[in-house]
Amino acid sequence: MKVTILQFPGTNCEYDTQHAFKDLGAETEILWHKSENVPSDTDLLVVAGGFSYGDYLRSGAIAKFSPVMKAVKEYAKNGGKVLGICNGFQVLTEAGLLPGALKRNEHLHFLSKHHHLKVINNDNIFLKELNKNDVVNIPIAHHDGNFYIDANGLKELYANNQVLLTYTDENGETQNPNGSVDSIAGICNKEKNVFGLMPHPERAMETLLGSDDGVKMLKGFLSA
Amino acid sequence: MKVIVNVSLKAGVLDSQGKAVHHALNSLHFNGVSDVRVGKQIVLNLNETDEAKAREEVTRMCEDLLANTVIEDYEIELIK
């Protein structure tokens, strides 16, 4: 199992992500955004969190034109698995690999805390280790995590089981920290090979550090 | 040629910043404000001198990069 992790100027979660996947037994490689191809032995490509290009203009707006993104689109088109975490999710929506957009948090604050999430759909490689309605405790850390999609787009997400995770309290009751449509925290594309979420599963790998619920999420990719 | 691009959230997309500014104006007793939208302004200096060509080029810039048309609208103003 080989996990390739993208690094743009301003990415800052690539080493946490590498540590998490190494812990799970995967081989890892950090790939600088100037690369024009994705290593051919890649089983999962992660667009890691951070502040690519300083979030200038809009989060993820400039990263989508990095040389590597052309290769990422090609990789995804051929069925390659892609996971975007936080800024990575923003990059994937900007690049058109996932629908919708991430707006400024409703109350305009940068949020950095643990938050509970409910599993809405698990018929995909990412969440197959979890059950529907499971509640996990995963850190969030974002300023632009307010997921927006128009009414038609939302209908389509539900119709294809593309809504993966929503923000809840510890009992699985809706609790929306950032104003996102239907409290959505994570989605996937129609083909279920491109995944994006604002919360950081790679920061929830040790009970000592608050939660190891991220293990069950990331492990899905390894037991393919 | 100078070109001004104004980018703002689409009507119908909640503008939290606009709402916060509106609230602040009200608390300063500017009670005659019925709505506030916050956007951003991008000022370009183009070498192009033909207006139609300039507008066409800037439109492409907006569609590709300057605006995210999922949530934002843009307006292009050419200044001679």
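Parameters at a glance
- Residues numbered from 1 in each chain as written.
- Chains lettered and ligands numbered in written order.
- Predicted model: local features only at pLDDT ≥ 70, side-chain atom pairs only at ≥ 80, totals over all residues.
- Helix = DSSP H or I, 4+ residues; strand = E, 2+ residues; numbered from the N terminus.
- Rg over C-alpha atoms; globule rule 2.2 N^0.38 Å.
- Buried ≥ 20, exposed ≤ 12 C-beta atoms within 10 Å, placed from the backbone.
- Contact = placed C-beta atoms within 7 Å.
- Nonpolar A, V, L, I, M, F, W, Y, C, P; charged D, E, K, R; others polar.
- Pairing = 2+ DSSP bridges.
- Axes fitted to C-alpha atoms, helices over the stretch in contact; angles between N-to-C directions.
- pLDDT = per-residue confidence, 0-100.

Caption draft 1: Local environment of the overall build of chain B. A tally of regular secondary structure across chain B gives two helices and three strands. Relative to the compact-globule value of 12 Å for 80 residues, chain B shows a C-alpha radius of gyration of 16 Å, a clear excess of over 25%. With the C-alpha coordinates aligned to their principal axes, the bounding extent of chain B is approximately 45 × 25 × 15 Å. Each of the 80 residues in chain B was classed as buried or not, and the buried ones make up 14%.

Caption draft 2: Region of interest: the overall build of chain A. A tally of helices and strands in chain A yields five helices and 11 strands. Scaling as 2.2 N^0.38, a compact globule of 224 residues should have a C-alpha radius of gyration of about 17 Å, and chain A matches this with 16 Å. The principal-axis extent of the C-alpha atoms belonging to chain A is close to 45 × 35 × 30 Å. Residue burial in chain A is summarised as follows: out of 224 residues, 54% are buried.

Caption draft 3: Expanded view of the interface of chain B and chain A. The interface is formed by eight residues belonging to chain B together with 10 residues belonging to chain A. The element best represented in the side of chain B that touches chain A is helix α1 (residues 16–27) of chain B, accounting for three residues. Of the residues that constitute the side of chain B that touches chain A, the class distribution is five nonpolar, three polar and no charged.

Caption draft 4: Spatial organisation of unusual backbone geometry. Residue and element names in this part refer to chain A. You will see that Leu108, though not glycine, has its phi angle at about 70°, which is positive. Among the structural elements, Leu108 can be located in the loop between β5 (101–103) and β6 (111–119). A positive phi is found at Asn133, a non-glycine position, where the angle reads about 75°. Along the chain, the position of Asn133 falls in the loop between β6 and β7 (135–142). The exposure class of Asn133 is exposed, given the 11 C-beta atoms found within 10 Å.

Caption draft 5: Up close: the sheet that holds strand β2 (residues 39–45) of chain B. Residues and elements named next belong to chain B. Strand order in this open sheet of three strands is β2-β1-β3, and the pairing throughout is antiparallel. A strand with exactly one partner marks an edge of an open sheet, and here the two such strands are β2 and β3 (72–79). Here the strands of the sheet are splayed against their neighbours by 20° on average, with no regard to which way each runs.

Caption draft 6: Quick look at the confidence of the model for chain B. Averaged over every residue, the pLDDT of chain B is 96; the share at 70 or more is 100%. Two summary scores accompany this predicted model of the complex, namely pTM at 0.94 and ipTM at 0.86.

Caption draft 7: Geometry of the sheet that holds strand β2 (residues 27–32) of chain A. Residues and elements named next belong to chain A. Overall, mixed pairing links the nine strands, which are arranged β2-β1-β3-β4-β11-β10-β9-β6-β7 in an open sheet. The sheet terminates laterally at β2 and β7, the two strands that pair on one side only. On average, each strand axis in the sheet is tilted by 25° relative to the strand beside it, whichever way the strands run. Here strand β1 (residues 2–7) pairs with β2 via six bridges, running parallel. Bridged to Ile5 within β2 is Ile30. Strands in contact with helix α3 (residues 87–94) are β3 (44–47), β4 (81–85) and β11 (194–197); relative to β4, the strand with the most contacts, it is inclined by about 120°.

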